[in-house]
Amino acid sequence: GPPIISRVIQFLGDGMIYYNHARKIMFIPFPFAHSQISVIFIVIMIPTIPFLMHQYTEVNWLGATMTFLTVLCLSGINEVARELENPFRNIPNELPLVTIQAQANEALYTMYAGYHPDFFFGTATVFCGIARPPWQQEP
């Protein structure tokens, strides 16, 4: 075929390949043993790092600062990994993605059906050149 059409078909095929890669990543669960070992590692490192920093530094405030930053970095990496493991949880600290999607679907359905909420509540007299429905017209 013409080069433009074959290029478009190639891009569509690449998009499907990447979609299927993302789908595989989403549906294959993260190994449970690896996540448990990571948590055990963090629990062991929290009391161990202060002793290591005490041996490494001579100044107390420097050891305390380095301990805090090291534990903060390791714990932060662990929390990011937990979020990436299941990004679509519905917990209070997350965005309500399911609710937002339901509202977007409702808005699309409403737009497709041609219904406007102002007609129902009687606050609009004319909307885009359309008069009120017969049951809302004043006598």
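Residues numbered from 1 in each chain as written. Predicted model: local features only at pLDDT ≥ 70, side-chain atom pairs only at ≥ 80, totals over all residues. Heavy atoms only, no water.

## Notes on the layout of surface pockets
Of the voids in this model, the second largest pocket is the one considered here, and its volume is about 180 Å³. What lines the second largest pocket is simply Phe30, His34, Ser35, Gln36, Ser38, Val39, Ile77, Asn78, Ala81, Arg82, Leu84 and Glu85. Listing elements by their share of the lining of the second largest pocket, those giving two or more residues are helix H2 (32-56) and helix H3 (60-85). The element best represented in the lining of the second largest pocket is H3, accounting for 6 residues. When its residues are assigned to classes, the lining of the second largest pocket shows 5 nonpolar, 5 polar and 2 charged. (1 Å grid on protein atoms, 1.4 Å probe; cavity = no way out; pocket = protein on both sides within 12 Å on 5 of 7 lines; lining within 4 Å. Points joined across faces, edges and corners; volume = space filled by probe spheres on them. Helix = DSSP H or I, 4+ residues; strand = E, 2+ residues; numbered from the N terminus. Nonpolar A, V, L, I, M, F, W, Y, C, P; charged D, E, K, R; others polar.)

## Brief notes about the pattern of salt bridges
Between side chains of opposite charge, pairing is possible as soon as their charged atoms come close. Going through the model one piece at a time under the given rule, you end up with 1 salt bridge. The salt bridge partner of Arg82 is Glu79, with a shortest N-O separation of 3.1 Å. On the criterion of helical spacing, the pair formed by Arg82 and Glu79 is a turn pair, its members being 3 residues apart in helix H3. (Salt bridge = Lys/Arg side-chain N within 4 Å of Asp/Glu carboxyl O.)

## Let's talk about the packing of H2 against H3
In contact at an axis separation of 8 Å, H2 and H3 are set at 170° when each is read in the N-to-C sense. When the interaxial angle is binned, H2 and H3 end up roughly antiparallel. Across the interface between the two elements, Ser35, Ser38, Val39, Phe41, Ile42, Met45, Ile46, Ile49, Pro50, Met53 and Tyr56 from H2 touch Gly63, Met66, Thr67, Thr70, Val71, Leu74, Ser75, Asn78 and Glu85 from H3. Class assignment for the residues of the contact of H2 with H3 results in 12 nonpolar, 7 polar and 1 charged. (Axes fitted to C-alpha atoms, helices over the stretch in contact; angles between N-to-C directions. Parallel < 35°, antiparallel > 145°, perpendicular 65-115°, else oblique. Contact = heavy atoms within 4.5 Å.)

## Describing the side chain of Asn78
Within the secondary structure layout, Asn78 lies in helix H3. With a relative accessible area of 15%, Asn78 lands in the buried category. Setting aside anything within four residues of it in sequence, one finds Asn78 in contact with Ser38, Val39 and Ile42. (Buried < 20%, exposed > 50% of the residue type's maximum accessible area, 1.4 Å probe, protein only.)

Any link to function would need more than the numbers given here.
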